[in-house]
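Observations on the model geometry
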Amino acid sequence: MHAVSGSQEIRGLGFFGRLELNHVTAGIEAIAMAPLNISNALLMTNGILNIGSHRLTLNENAPITIPSGQSFGPARMVRTAGGIGDGGIRKHFGTAEAPGVFTFPLGVGAKFTPAIASLSSFPSGHHITVYNVNSHHPTIIPAADSDPNRVLQYFWGVETDI
């Protein structure tokens, strides 16, 4: 996707071999209107992929790549809605990825809060899902005499099938 200005919507069934975000203006979003499945690569040249509450699934041959010398950040990330029921990013792993490191470049609003999985070994054919939640953890129950804002107001959920 190449855009000069304005956000773009990604519609349809959401199955892509290779998807590239390359927005000329920093901070422009491509908004997913349904879950996305990438089988080859997600290239984040410039811009934000807003998946909202949907899930972004990357198969075992699909890395998330950025240009050499660049980094993920508030202008180059996968933005979610930040809800506890969001789909987040699911990465399927094969033998090629282990050992290694995989960055889940998540954020909500202007917050860029990546999660990094460092794998020494991981059974082929399994996955890790990471989602970010923009509120305090639901198990936190502030005491009647305490300040409810004195707890972390953000957390990550991590799920796996092993």
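The rules behind the values
- Residues numbered from 1 in each chain as written.
- Predicted model: local features only at pLDDT ≥ 70, side-chain atom pairs only at ≥ 80, totals over all residues.
- Heavy atoms only, no water.
- Helix = DSSP H or I, 4+ residues; strand = E, 2+ residues; numbered from the N terminus.
- Buried < 20%, exposed > 50% of the residue type's maximum accessible area, 1.4 Å probe, protein only.
- Contact = heavy atoms within 4.5 Å.
- Areas by Shrake-Rupley, 256 points an atom, 1.4 Å probe, with all protein chains shown as cover.
- Salt bridge = Lys/Arg side-chain N within 4 Å of Asp/Glu carboxyl O.
- Phe/Tyr/Trp six-rings, centres within 6.5 Å; stacked < 30°, edge-to-face > 60°.

**Let's talk about the overall build of the protein chain**
Along the protein chain, the regular secondary structure elements total 0 helices and 16 strands. Looking at the 162 residues of the protein chain, the share that counts as buried comes to 41%. Contacts in the protein chain between residues at least 24 apart in sequence constitute 51% of all its contacts with a sequence separation of at least 6. A total accessible area of about 8200 Å² is found for the protein chain, and carbon and sulfur atoms account for 56% of it.

**As for the pattern of salt bridges**
For the structure on display, the rule yields 3 salt bridges. With a closest N to O distance of 2.6 Å, Glu9 and Arg11 form a salt bridge. Judged by relative accessible area, Glu9 falls into the partly exposed class, the value being 43%. Residue Arg11 is classed as exposed on the basis of its relative accessible area, which comes to 58%. Between Glu29 and Arg79 there is a salt bridge; the shortest N-O distance is 2.2 Å. Taken as a pair, Glu29 in strand β4 (residues 29-32) and Arg79 in strand β9 (residues 78-80) lie far apart in primary sequence, 50 residues in all. There is no split in this pair, since Glu29 and Arg79 are both buried.

**Points about the packing of aromatic side chains**
All chains considered together, the criterion is met by 3 aromatic pairs. Ring geometry for Phe93 versus Phe102: centroids 6.0 Å apart, planes at 90°, classification edge-to-face. Arranged with centres 5.3 Å apart and planes meeting at 75°, the rings of Tyr154 and Trp156 form a pair that is edge-to-face. Since its relative accessible area comes to 7%, Tyr154 is described here as buried.

Such coordinate-based values are descriptive only and should not be taken to indicate function.
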